[in-house]
Amino acid sequence: RQLLAVFFQPITMFSIVLRRLVNTGGSGATNVRMYCAPPIEKIKELRNMTGAGIGDCKKALEAENGSIEKAKEWLRKKGILKSASRQDRVATAGYISVSAMGTTRAAIVEVNSETDFVARNKRFQQLVTAISRAALTLPAASASINLLSQAPINVDGTVLSVTEHLVSAAGVLGEKLDVRRVRVLEAPAKGGVFYYVYNGTE
């Protein structure tokens with residue numbers, strides 16, 4: 001017994017977990033699977049990529065056997081479920097982003113969050129910037145929130161619609177996120193479009 005205790009202590013220290021999965025299909029067979037808890041470096045990597053909390057990143061990696069890409073999808077789907085419960089909330093804070101095509105064309109987008117804390121989140125601001133770039137592709141005369149919501153954007157290598165990315169981000173950040181306004185401006189033949197954003201989180 002003493003020898004067994006000495007043998008199993010290192011296993012415990014390395015967080016190796018033994019799970020028994022019982023096959024109840026009538027064969028009476030028992031399958032045993034061993035896996036390691038995700039290392040903190042991998043959890044941090046997923047957190048930096050998604051902005052999700054440490055606990056959620058750990059759960060995602062455990063659920064997907066350590067796969068970063070599958071864990072990202074796990075977090076995205078979880079965000080969709082969480083977002084549905086936030087539709088009745090009020091989002092009055094937010095971030096404004098402007099994207100321009102030289103001096104001939106510019107798009108300005110306002111995306112609302114519930115708090116200034118999220119409005120100052122770098123990943124949220126990067127998402128709003130990506131949305132304003134997508135707005136540049138909209139026709140100036142008929143640019144609308146509805147058209148923008150359907151536009152595809154690439155965030156961290158994942159191409160989804162603006163709405164899908166907002167839903168995913170809402171699940172990660174824990175707040176309701178909404179596009180409030182969008183405008184696309186085109187310069188006249190002998191003119192130009194110039195802009196300046198003062199404190200985009202106000």
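Thresholds applied
For every chain, the first residue of its written sequence is number 1, and the numbers climb from 1 along that sequence. Owing to the predicted nature of the model, reporting of local features is limited to residues with pLDDT of at least 70; listing and counting of side-chain atom pairs is limited to 80 or more, with chain, interface and lining totals taken over all residues. By convention in this description, side-chain values take in all heavy atoms of the structure and omit both hydrogens and water. Think of it this way: DSSP has to see at least two bridges between two strands before they count as a pair. Strands are runs of DSSP state E lasting at least two residues, helices are runs of H or I lasting at least four, and both sets are numbered from the N terminus onward. For every element, the axis is a line fit to its C-alpha atoms; helices are fit only across the contacting stretch, and the angle between N-to-C directions ranges from 0 to 180 degrees. In this description, contact between two residues means that some pair of their heavy atoms is separated by no more than 4.5 Å. Think of it in three bands: with a 1.4 Å probe and only protein chains considered, a residue is buried below 20% of the maximum accessible area for its type, exposed above 50%, and partly exposed in between. The directions from the helix axis to the C-beta atoms are what the arc is built from.

Engineer: I would appreciate a short explanation of the sheet that holds strand β7 (residues 178-186) in the present structure.
Structural biologist: Strand order in the open sheet made by the three strands is β3-β4-β7, with antiparallel pairing throughout. The sheet is open, and its two borders are formed by β3 (93-101) and β7, each paired with just one other strand. Within this sheet the neighbouring strands show an average axis-to-axis angle of 10°, counted without direction. Sheet topology note: the β3/strand β4 (residues 105-113) ladder contains nine bridges and is antiparallel. Residue pairing across strands places Val98 opposite Ile108, the latter belonging to β4. Across the sheet, helix α6 (residues 122-135) lies against β3, β4 and β7, angled at about 40° from β3, the strand it touches most.

Engineer: Can you help me understand helix α3 (residues 54-63) in this one?
Structural biologist: The periodicity of an α-helix, 3.6 residues per turn, causes residues three or four places apart in sequence to face the same way. Those residues of α3 that fall on the buried side of the exposure criterion are Asp56, Cys57, Ala60 and Leu61. Mapping the buried residues of α3 onto a view down its axis gives an arc of 130°, with all of them on the same face. Phi turns positive, to about 55°, at Asn65, one or two residues after α3.

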